[in-house]
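Observations on chain architecture
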Amino acid sequence: MVSLTRKIEPLPVKVSIGHAIQLCNGAVCQLPHFGVHIRQGGQHPRHRSAAEAVTNAKASLQSAKSSLEQTKQQLIIMMGWNYNDSVEIGSLPDVDTSVVSKINVTSDIQTAIANNYSVKITERRLANSQSENNRATYTNTLANQKETVSTNVKNAYNSLVLAKDSYDQAKTSYDLAEKERAAAELRLSAGTITKKTYEKQESACLSAKTSMETAKLSFLTAKVTYDWAVAGLASVS
């Protein structure tokens, strides 16, 4: 039997399965480090609650992983392969937020209108129409479609700008958290702080990284949405 392995790059609008698993793992890593001590006569109520919290968190992680595996199989099927084919899904591409400042929205709106498939169809119907009533109807429809395309491209651009700002802020927060974690690591090596204090800083750093990666995905999704709108897929309704 021949085993086929295929490698595909991720669709920009799809969540990278590996990335999502990392986010789930990160969420569990941020749990406090509970110490459960067995006492004669049973567990202390606080320890029992802590143990239950950890158990529930592990169950939630397992459920999330199962959901991610199902999503992966659905994505593989959408791409035209069998659900159990061996497919390597790449990581998210790097982010370059400077592209936002280079966008000319006014020019892109005209491009989006010229590329829009619904607008093209209405223009063809108008050109082939023999009835004055139909021509009037198609003329009005065409004007409304162009206005709607213009509005949707502007909205997509505004969403892109907001996503860029959110990513920039998240990245700044992560960079600061990473510096503080590195400093805490040095202090731990020097014996000036406890391991628990370091783990607290490490957890904060991981939380900041997770937020940054989530913001990165949001930015990439907003960029693809804008690009598709300009390419002709902006809604006319």
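Here the structure is shown first, and the text comes after it.
Residues numbered from 1 in each chain as written. Predicted model: local features only at pLDDT ≥ 70, side-chain atom pairs only at ≥ 80, totals over all residues. Heavy atoms only, no water.

Turning next to the overall build of the protein chain. Each helix and strand counted, the protein chain has six helices and four strands in total. Starting at the N terminus and ending at the C terminus, the protein chain contains elements arranged as β-α-β-β-α-β-α-α-α-α. Residues counted as buried form 28% of the 237 residues belonging to the protein chain. Put simply, of all contacts in the protein chain between residues at least 6 apart along the chain, 76% involve residues at least 24 apart. Within the structure as shown, the protein chain displays about 15,300 Å² of accessible surface, and the carbon and sulfur contribution to it stands at 52%. (Helix = DSSP H or I, 4+ residues; strand = E, 2+ residues; numbered from the N terminus. Buried < 20%, exposed > 50% of the residue type's maximum accessible area, 1.4 Å probe, protein only. Contact = heavy atoms within 4.5 Å. Areas by Shrake-Rupley, 256 points an atom, 1.4 Å probe, with all protein chains shown as cover.)

What follows deals with the packing of helix H3 (residues 105-115) against helix H5 (residues 132-190). The relative placement of two packed helices is expressed as an angle between their axes plus a distance between the axes. One way to put it is that H3 packs onto H5 with a least axis distance of 9 Å and a crossing angle of 135°. Relative to H5, H3 is oriented oblique. Once H3 is placed against H5, the crossing between them reads as right-handed. Within the contact between the two elements, H3 uses Val 105, Ile 109, Ala 112 and Ile 113 and H5 uses Lys 146, Val 149, Ser 150, Val 153, Lys 154 and Tyr 157. Partitioned by chemical class, the residues of the contact of H3 with H5 number seven nonpolar, one polar and two charged. (Axes fitted to C-alpha atoms, helices over the stretch in contact; angles between N-to-C directions. Parallel < 35°, antiparallel > 145°, perpendicular 65-115°, else oblique. Left-handed = near helix turned anticlockwise from the far one by under 90°. Nonpolar A, V, L, I, M, F, W, Y, C, P; charged D, E, K, R; others polar.)

Attention now goes to the pattern of salt bridges. Evaluated as defined, the whole model comprises six salt bridges. For Asp 168, the salt bridge identified is with Lys 164, shortest N-O distance 2.8 Å. A residue pair is termed a helical-turn pair when its members lie 3 or 4 positions apart in one helix, as Asp 168 and Lys 164 do in helix H5 at four residues. Note that Asp 175 and Lys 171 form a salt bridge whose closest N and O atoms lie 3.2 Å from each other. With Asp 175 and Lys 171 both in helix H5 and four residues apart, the pair spans about one turn of that helix. Relative accessible area serves as the criterion here: at 32%, Asp 175 is assigned to the partly exposed category. Residue classification places Lys 171 among the partly exposed residues on the basis of a relative accessible area of 33%. Three or more residues joined by partner-sharing salt bridges are found here, namely Glu 178, Arg 181 and Glu 185. (Salt bridge = Lys/Arg side-chain N within 4 Å of Asp/Glu carboxyl O.)

Before going further, it helps to spend a moment on the nonpolar core. If you look at the biggest cluster of nonpolar residues, it comprises 20 residues, and the most contacted ones within it are Val 149, Val 153, Leu 160 and Tyr 226. Contributing elements (two or more residues each) for this core: H3, helix H4 (117-128), H5 and helix H6 (195-233). With six residues, H5 is the single largest residue contributor to this core. In contact with Val 153, other than residues within four places in its own chain, are Ile 109, Ala 112, Tyr 226, Ala 229 and Ala 234. Counting eight residues, the second-largest nonpolar core is a separate cluster that includes Tyr 167, Tyr 174, Ala 208 and Met 212. (Core = buried A, V, L, I, M, F, W, Y, C linked by side-chain atoms within 4.5 Å.)

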